[in-house]
Amino acid sequence: MKKILLLTVLAFGIMAGNAQNNALDLSQTGGGDVVLIEGLNLTTNTFTLEAWIKPVGTQASAAGILFMRDGANNGLVGLQFNADQKLGYHWNGDFYDVSSETSVPVDQWSHVALVVEPTQATLYVNGATTVNTAEHVELSLTSTLGIGRDYPTYFKSHKTLRDFKGLVDEVRIWNSARTEQQILDNMNGELTAPVSETDLEAYYDFNQTSGAVLPDEKGDLDGTLQGLGDGAGKWVASGFISTGISKPIVDSTLEKIIPFGSNIKICSEYDNETFCLYNLTGACVYKVEVQGGESTVALNRFAGLFIGKLTQNGTVYTQKVLLSNN
């Protein structure tokens, strides 16, 4: 297991997605909501699942986000909730007791991912990593993949016990083990050219406004909505943070925001300027006034991916900041 502190010097502005940036609402009270993906045909132990999710309330332990079982009901691969809102996973019916160190926040958008390699697996929660070092055998992933529940579930009278209740967006299935840098560089926005991504097996941007089919924007692995009727009222506006270069607002050579242990060093050219730390919902969770010269900001109580913004004489400098709280 590990925690990391990383500051990636990438400029971007907090901005909403395009006008049709939608998501699918799987939060109905009765449960049973799921999107079924048929035809995935992979034999691999280098594999990546990604999604943006917004849990509506506390999720049941073992609630499935992305899940596939074989014909004998063994969990082949799955990304699910464990206790305390932490992220967990399955691989070949094992590792379900491994949990992320970071909990998934309730009622706000978060990026989650599972990256499997032959000798380890990495769980991501808003950029913060938890690594499980163990052998991960090659699997034949040819069963139905469920988005939004542990699929299929055979728990007698509790068939919806392992349903995810919330919103889902930006599901990506990769036939490779994505690197940490690839995850961080691409997690905050839609893929602009999915067809050209050679390792991308399937991609779902959820930008429909109606219907019971979830199109695969990469190939022909369209999903089918189940338990959601014709989809009416289930396609809703998304809210995950998209990114884009707003203007040349950061030059890494200027070194305005510098990692320094578990703190951040801010180099300001002006007095009485403002530094804000934003979470991925766009809320400022820490704000401080800095003076000219170097200021050290203690951020050791925060963990995960944030957005640092420094105002300098009317110009705003913005950077991704990935923090640990150790």
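Fair warning: this is a prediction, and the values are worked out from it, not measured in the lab.

Considering the pairing of strand 16 (residues 200-204)
Successive side chains on a regular strand alternate, one facing one side of the sheet and the next facing the other.
Right, so step 1: For strand 16, the buried fraction is high: 4 of the 5 residues fall into the buried class.
Right, so step 2: Where strand 15 (residues 166-174) meets strand 16, 4 bridges bridge the pair, whose relative direction is antiparallel. By the bridge assignment for strand 16, Trp174 is matched with Leu200.

Considerations on the sheet that holds strand 9 (residues 99-103)
Right, so step 1: A sheet is described by the order of its strands in space; here 8 strands give the open sequence 9-8-7-6-14-3-18-17, paired in antiparallel fashion. Here the strands that pair on one side only, and so sit at the sheet edges, are strand 9 and strand 17 (213-214).
Right, so step 2: Pairing geometry for strand 6 (residues 64-69) and strand 7 (residues 75-81), over 5 bridges, is antiparallel. Paired with Met68 across the two strands is Val77, which belongs to strand 7.

Some details on unusual backbone geometry
Right, so step 1: Positive phi outside glycine occurs at Ala62, with the angle close to 80°.
Right, so step 2: With respect to the secondary-structure elements, Ala62 resides in the loop between strand 5 (47-55) and strand 6.
Right, so step 3: Residue classification places Ala62 among the buried residues on the basis of a relative accessible area of 17%.

A look at the side chain of Lys234
Right, so step 1: Summarising the element assignment, Lys234 is placed in the loop between strand 18 (223-226) and strand 19 (235-237).
Right, so step 2: Look at Lys234: it is buried, it has no salt bridge, and the nearest opposite charge is Asp25 at 5.4 Å.
Right, so step 3: Those residues in contact with Lys234, other than ones at most four positions away along the chain, are Ala23, Leu24, Asp25, Gln28 and Leu228.

Examining the confidence of the model for the chain
Right, so step 1: Overall, the prediction assigns the chain a mean pLDDT of 82, with 84% of residues at 70 or greater.
Right, so step 2: When mean pLDDT is taken per element in the chain, strand 16 scores highest with 98 and strand 1 (residues 6-8) scores lowest with 32.
Right, so step 3: Within the model, the stretch residues 242-253 combines pLDDT values under 50 with 27 contacts to residues more than four positions away or in other chains.

Here is what the cut-offs are and how they apply
- Residues numbered from 1 in each chain as written.
- Predicted model: local features only at pLDDT ≥ 70, side-chain atom pairs only at ≥ 80, totals over all residues.
- Heavy atoms only, no water.
- Buried < 20%, exposed > 50% of the residue type's maximum accessible area, 1.4 Å probe, protein only.
- Helix = DSSP H or I, 4+ residues; strand = E, 2+ residues; numbered from the N terminus.
- Pairing = 2+ DSSP bridges.
- Lys, Arg positive; Asp, Glu negative; His and termini not counted.
- Salt bridge = Lys/Arg side-chain N within 4 Å of Asp/Glu carboxyl O.
- Contact = heavy atoms within 4.5 Å.
- pLDDT = per-residue confidence, 0-100.

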